[in-house]
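# Survey of secondary and tertiary structure
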Amino acid sequence: MSDELTLTEPKDTLPATGEPLLTAENLTMHFPVYGGFPFKRKVGAVKAVDGVDLQVFPGESFGLVGESGCGKSTTGRMLTRLLEPTDGRITYRGQDITRAGRKQLAPIRSEIQMIFQDPYSSLNPRQTVGKIISAPMEINGIEPPGGREARVRELLEIVGLNPEHFNRFPHEFSGGQRQRIGVARALALEPKLIVADEPVSALDVSIQAQVVNLLQDVQKELGIAFVFIAHDLAIVRHFSQRLAVMYLGKVVEVGDRDSLYNAPRHPYTHALLSAVPEASLHDDDAPQRERIRLTGDVPSPINPPSGCRFRTRCWKAQDVCATEEPPLVQLSGNRDGHLTACHFPEDGDALSSGKEIVMDEALRRLEK
Ligand SMILES: Nc1ncnc2c1ncn2[C@@H]1O[C@H](COP(=O)(O)OP(=O)(O)OP(=O)(O)O)[C@@H](O)[C@H]1O
Ligand code: SF4
Ligand SMILES: [Mg+2]
């Protein structure tokens, strides 16, 4: 395997200190469900995100992880205010932006950017790369010193593309190159925060690492804070200093990378960390550790289980788990800021070594 496919070493854990850049309190998104005949009325709600608290500090990379449908994208879209929450509060640099209108959001829009999962649908096929990348400057009426074209060339260079290609169209680029264009567009206004929603999962595995490394360089060199959304823990381990694990619209565990990977206290985090590809179960060389197989489907977010939402799949569940929702708190023995929501947490005695975490075969090959 060539060097360029190797993920660079994870960066040191940054202390989550000082004033947070972005704070979400009780962040909630209930999508209404309509039914009935002949007159449609609201018959329920998809509780996509249900009371999430999180903080993102300047310059840090914060990971948001969980299975499909747990509410990661909805959370990301609320943080960037592409979606207005049904409840809760979002504070950006001390300013409440939860219900801020267009005008109030205008100066903040340039500081918070989003990178989307699909580099094919997120770029307008009829616009040149130069037009796509300069659009945020145009919309915000920003004229950088030297002009927009010079800035586009500079941005293309930063993301590793040929600056002379600004007149080309998206279809002339590969998937990985298109995602680089998306990164350049997100950087155009020198943001302070980028929410990257599964930025590499649509890419061929051979180029995932290159794009992750680019994002990591951008984060480090330009000091931009990232919310990095992913469904697997392996990628996030390389990119994020702190992370939150979501399950069915709730954060079940949050903490710094080392504490969370080496001593997961929530059974769901433990299960995610110990997930291994089928092949490795029969591989004598694979690391020997306790392995947990998550069984059963994720329940519907329209009618989530009472108490702890993970209880229908949890091997440790007891009666109280059905009646009392466990609060997200710091358990004894945990590092500062490592919070867990569970009535019967795991011991946290190095259940899985960070080096052995593998979520799928493709990433396993990548990590090797
Ligand atoms: N506009 C919407 N209207 C109704 N339900 C929605 C809407 N958007 C998302 N949902 C539902 O909200 C829940 C959370 O969706 P979301 O896309 O945030 O999950 P996710 O964690 O990003 O999943 P994935 O890993 O598949 O991207 C899902 O059950 C989804 O079907
Ligand atoms: S609260 Fe109960 S059901 Fe939920 S994760 Fe902990 S032990 Fe399992
Ligand atoms: Mg998503």
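To start, this report covers the structure provided alongside it. (Residues numbered from 1 in each chain as written. Chains lettered and ligands numbered in written order. Predicted model: local features only at pLDDT ≥ 70, side-chain atom pairs only at ≥ 80, totals over all residues.)

## Section: the environment of Phe 226
The residue Phe 226 is located in strand S8 (residues 225-230) in this model. With 25 C-beta atoms packed within 10 Å, Phe 226 lands in the buried category. Sequence spacing of Phe 226 and Pro 58 is 168 residues, and the spatial spacing of their C-alpha atoms is 8.8 Å. With residues up to four places along the chain from it excluded, the contact list for Phe 226 reads Ser 61, Phe 62, Ile 194, Ala 196 and Gln 219. (Helix = DSSP H or I, 4+ residues; strand = E, 2+ residues; numbered from the N terminus. Buried ≥ 20, exposed ≤ 12 C-beta atoms within 10 Å, placed from the backbone. Contact = placed C-beta atoms within 7 Å.)

## Notes on the site of ligand 2
The immediate surroundings of ligand 2 are formed by Pro 267, Cys 308, Phe 310, Arg 311, Cys 314, Lys 316, Ala 317, Cys 321, Pro 326, Cys 342, His 343 and Phe 344. Taken together, the residues that form the shell around ligand 2 break down as 9 nonpolar, 1 polar and 2 charged. (Near = placed C-beta within 6 Å. Nonpolar A, V, L, I, M, F, W, Y, C, P; charged D, E, K, R; others polar.)

## A closer look at the pairing of strand S7 (residues 193-197)
Burial of S7 is extensive: 5 of the 5 residues sit out of reach of the surface. Because side chains alternate across S7, one face comprises the buried residues Leu 193, Val 195 and Asp 197, and the other comprises Ile 194 and Ala 196, equally buried. As paired strands, S7 and S8 are joined by 5 bridges and run parallel to one another. The residue of S8 that forms the bridge with Ile 194 is Phe 226. (Pairing = 2+ DSSP bridges.)

## Considering the packing of helix H3 (residues 129-139) against helix H4 (residues 148-158)
As a packed pair, H3 and H4 sit with axes 10 Å apart at the nearest point and diverge in direction by 115°. As far as their axial angle goes, H4 and H3 are roughly perpendicular. The crossing of H3 and H4 is right-handed. Mapping the contact onto sequence places Gly 130, Ile 133, Ser 134 and Met 137 in H3 and Arg 148, Glu 149, Arg 151, Val 152 and Leu 155 in H4. The residue makeup of the contact of H3 with H4, split by class, is 4 nonpolar, 2 polar and 3 charged. (Axes fitted to C-alpha atoms, helices over the stretch in contact; angles between N-to-C directions. Parallel < 35°, antiparallel > 145°, perpendicular 65-115°, else oblique. Left-handed = near helix turned anticlockwise from the far one by under 90°.)

## Description of the sheet that holds strand S3 (residues 61-65)
The strand order S6-S7-S8-S3-S9-S10-S12-S11 describes an open sheet built from 8 strands, whose pairing is mixed. What marks the edges here is a single partner per strand, and that holds for strand S6 (112-115) and strand S11 (329-330). Of the strand pairs in this sheet, strand S9 (residues 242-247) and strand S10 (residues 250-256) are connected by 6 bridges, and their pairing is antiparallel. Counted as the bridge partner of Arg 242 is Asp 256 from S10. On top of the sheet, helix H5 (residues 175-187) reaches S6 and S7; it is set at about 175° to S6, its chief contact.

## Structural notes on the site of ligand 1
Around ligand 1 lies a shell of 13 residues, among which Phe 31, Ala 48, Ser 68, Ser 73 and Thr 74 are the nearest. If you tally residues by element for the shell around ligand 1, the top one is helix H1 (residues 72-79), at 3 residues. Split by residue class, the shell around ligand 1 holds 5 nonpolar, 7 polar and 1 charged.

It is worth stressing that arrangement in space is one thing and function is another; only the former is reported here.
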